[in-house]
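Each chain is listed here by its residues.
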Amino acid sequence: MNKLTSKLKGNKLAQIILLVLYVLITSLSLYLAQASVTAFLLLLFSLLLLYYTELPDRLKWLIAGVVLIGVIPFVSSTGPGYQSYMEVATVVGIYVAMALGLNIVVGLAGLLDLGFVAFFAIGAYTYGIFATGQAANFMPFGTFPLSGESFWIFILIGCFVAALFGVLLGIPVLRVKGDYLAIVTLGFGEIIRIVFNNLDKPVNITNGAMGLASVKPPEIFGYQFVYPNQFYYIVLGILFLVILAVRRFEFSKIGRSWKAVRENEIAAQSMGIHLVRTKLLAFAIGASFSGMMGVVFAAKQTFVDPTSFTLLESITILVMVILGGMGSVPGVILGAAVITILNLQVLTEVTNYLNQLSLDGVISFPEALAPAKMQRFIFGAILIIFAIYRPQGLIPSKNPVFDEESLKEGSKKHRKEQITVEPDKGFQA
Amino acid sequence: MSILTVSNLTKQFGGLVAVNSVDMTVEKGSITAVIGPNGAGKTTFFNLITGVYQPDNGNVQLGPTSLVGLKPHEISRHGIARTFQNIRLFSNITVLENVMVGLHKQLKAGIVGTLFQTKKVREEEQLAKEEAYHWLEYVGLAKHLNEDAQNLSYGAQRRLEIARALATKPKLLLLDEPAAGMNPRETRELTEFIHRMREDLDVTIVLIEHDMKLVMEISEQIFVLDHGEKIAEGKPAEIRNDVKVIEAYLGKSAVTPA
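Here is a short report on the structure shown in this document. (Residues numbered from 1 in each chain as written. Chains lettered and ligands numbered in written order. Predicted model: local features only at pLDDT ≥ 70, side-chain atom pairs only at ≥ 80, totals over all residues. Heavy atoms only, no water.)

**Considering the overall build of chain B**
The helix and strand tally for chain B stands at 11 helices and 10 strands. Rg of the C-alpha trace for chain B: 19 Å, near the compact-globule value of 18 Å for 258 residues, within the 12% margin. On the principal axes, the C-alpha backbone points of chain B span a range of 75 × 40 × 35 Å. Taken across its 258 residues, chain B has 55% of its residues classed as buried. Here chain B has roughly 10,600 Å² of accessible surface; of this, 52% comes from carbon and sulfur atoms. On chain B, the mean spot of the 29 positive side-chain charges and the mean spot of the 32 negative ones are 4 Å from each other. (Helix = DSSP H or I, 4+ residues; strand = E, 2+ residues; numbered from the N terminus. Rg over C-alpha atoms; globule rule 2.2 N^0.38 Å. Buried < 20%, exposed > 50% of the residue type's maximum accessible area, 1.4 Å probe, protein only. Areas by Shrake-Rupley, 256 points an atom, 1.4 Å probe, with all protein chains shown as cover. Lys, Arg positive; Asp, Glu negative; His and termini not counted. Charge placed at Lys NZ, Arg CZ, Asp CG, Glu CD.)

**What to know about the sheet that holds strand S4 (residues 57-62) of chain B**
Residues and elements named next belong to chain B. The sheet built from four strands is open, its strands ordered S2-S1-S4-S5 with antiparallel pairing. Both outer strands of the open sheet, strand S2 (16-27) and strand S5 (65-66), are each paired with one neighbouring strand and no more. Note: strand S1 (residues 2-13) against S2, eight bridges, orientation antiparallel. Looking at S2, one finds that Lys11 is bridged to Val19. The sheet strands contacting helix H1 (residues 42-49) are S1, S2 and S4, and the helix crosses S1 at an angle near 115°. (Pairing = 2+ DSSP bridges. Contact = heavy atoms within 4.5 Å. Axes fitted to C-alpha atoms, helices over the stretch in contact; angles between N-to-C directions.)

**A word on the sheet that holds strand S10 (residues 229-234) of chain B**
Residues and elements named next belong to chain B. Read from one edge to the other, the open sheet built from six strands follows the order S6-S7-S8-S3-S9-S10, with strand pairing classed as mixed. Looking at strand neighbours, the two that pair on one side only are strand S6 (80-82) and S10, the edges of this open sheet. Strand-to-strand twist across the sheet, computed as the mean angle between neighbouring axes with direction ignored, equals 20°. Alignment of S6 against strand S7 (residues 172-176), held across three bridges, turns out to be parallel. Pairing of Ile80 across the sheet is with Leu172, part of S7. Relative to S10, helix H10 (residues 243-250) is tilted by about 130°, and along the sheet it contacts strand S3 (31-35), strand S9 (221-226) and S10.

**Side note on a nonpolar patch on the surface**
All names here are of chain A. There is a patch of nonpolar side chains on the surface, built from Leu13, Ile17, Leu18, Val20, Leu21, Leu24 and Ile25 and spanning about 660 Å² of accessible area. Examined against the element boundaries, Leu24 turns out to sit in helix H2 (residues 12-32). Since its relative accessible area comes to 48%, Leu24 is described here as partly exposed. (Patch = residues over 30% accessible without salt bridge, like charges linked within 9 Å, V, L, I, M, F, W, Y side chains within 5 Å. Salt bridge = Lys/Arg side-chain N within 4 Å of Asp/Glu carboxyl O.)

**What to know about the packing of aromatic side chains**
All names here are of chain A. Under the criterion given, the structure shown has 22 aromatic pairs over all chains. Geometrically, the ring pair formed by Phe119 and Phe188 is tilted, given 5.8 Å between the ring centres and 40° between the ring planes. One end of the pair, Phe119, is in helix H6 (residues 117-130); the other, Phe188, is in helix H8 (residues 178-198), with 69 residues separating them in the sequence. Taking the relative accessible area as the measure of exposure, Phe188 reaches 14% and is therefore buried. Between Phe120 and Phe309 the ring centres are 5.7 Å apart and the planes differ by 75°, which places this aromatic pair in the edge-to-face class. Within this pair, whereas Phe120 is found in helix H6, its partner Phe309 is found in the loop between strand S4 (303-304) and helix H13 (311-324), the two being separated by 189 residues in sequence. In this pair, the class of Phe120 matches that of Phe309, namely buried. Directly above the aromatic system of Tyr51 lies the positively charged group of Lys60, at a separation of 5.5 Å from the ring centroid. (Phe/Tyr/Trp six-rings, centres within 6.5 Å; stacked < 30°, edge-to-face > 60°. Lys NZ or Arg CZ within 6 Å of the ring centre and 35° of its normal.)

Structure below.
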């Protein structure tokens, strides 16, 4: 095995061929053996393989694009499992975007936020209220629900409203640090949920615990988005932009100031970094991703109610970030995908399988160990195992590597005449 | 011409007066040392100048501007940089990025520019890398540029702190025990380096130090603090023979044998 990997290393052509073969085989097996969860997961796994190949970045993006846009929807489209696969893929996408948002707050800026789902709720309600008749209860003008075509603008509005709430939350909350910050954000998350739960009187804004039903589906030029396979493309599009934005922020002045604040607040300040502004920016940008996906979520479910935004959701997103690798974009994407698929597919399949076995009388479970209860147990056990054996996450974050030669050349122009620099002879022996 | 004027500076922590009406004038372009026994209030004094603490009383002036009430990042923008007694690097990021953080205030990139990676932002970022690399060369850490800051040796971490501070282009550089934990040779090199910095960079240096050899060799003016009060100031030769200073360091019996 070691021999094989060492042979593969550096041989890009072989990597491409193997990858294509892998995609072909898994695609074919999914195409032929419909409703095979294993084949679907193996096909998704090709993206991880792709990440580990040594191909140039542009080519990787291209291949990932082909697999995500073309191959996956196509090969799963013929069977009865089509919509459920697309549903899983869409939910994965939503969680990935949220986990990337939380990764900015927790992973880059080092602010532990336990109420992150609040921003998702804000996004969802922003669209939910205006895309149902609900807004007519308190808006003196305009006709509601707004048409499905407003959805596209609402992605932006949801983004900004969530960012605004991120800032509003941040202003009082950032006076506290560390553990206390976690508690205060936890409180904020709960407050938002409870406010939405009770804002049906005196003026009925959110329709309380009843929730908002029949949210208008997105529409463009008369074409309606109703099915998961259609939402899949919306999510994919937003996700692409989110990943692009995260990468750009991470390796910029802004990303550096987040990391500096995370590493040492006092030193960061003495380097001229505005502490409050930097933290607020992290909150706002992280929240905005969540807000956008909230809008998509509302449109996809066509139903919004407060029970979708519990503390457990916040914690799940946090687990994705930690399991994937704090501060690491590929890690967080993988973490979000693994946890979502684990919850939606693998563990449910295992439960179903065990249930079937016990129904057939092959094995019998005592009441306390019923498969449905086992599901959370297995999930918890997996988390513990990861925390012990891979605390840095699935794909730990990596620092950028700078090219010394090019910098050596460029640094010359920063030397003033009187400065005599002999590289690496500073004041060391 | 004086660059830093501290007058009547006072800071209390509960019942403890950590810094008690200290006056101090630092000449532009000079190297000044602040010495005193442990717990004399030296670091608190630095923290008051750099805005980590707010003084209860008194004034700190950098040139014509008063620094009282300003936040640390604002004071940094006015041209004061510092290093820390207990090293405060950004441990988990690379050495080069540590210095790039020091360039923070001179970079103009905003959210929109970063998102769209405009030509200006990309060029600025490239220049920042080059400049940061230049500072690494200056302190002799260039070949470590891609290492995590926490993996550097102790002496190298101290140098990186200086490089990071220099990147902010300070008028006044405060060094808090720069030679702590260094062996005699490293200390000697540091002495030369501090001299060179002043020559090369037109910067005024104030340092806290316990290594008396270094202090006497390097500084033009020395201030001595004890229990939060300034007990002496003057040229190295004067301080060496000051009765109060000897008393503070060695106890009363050293001055008046029983």
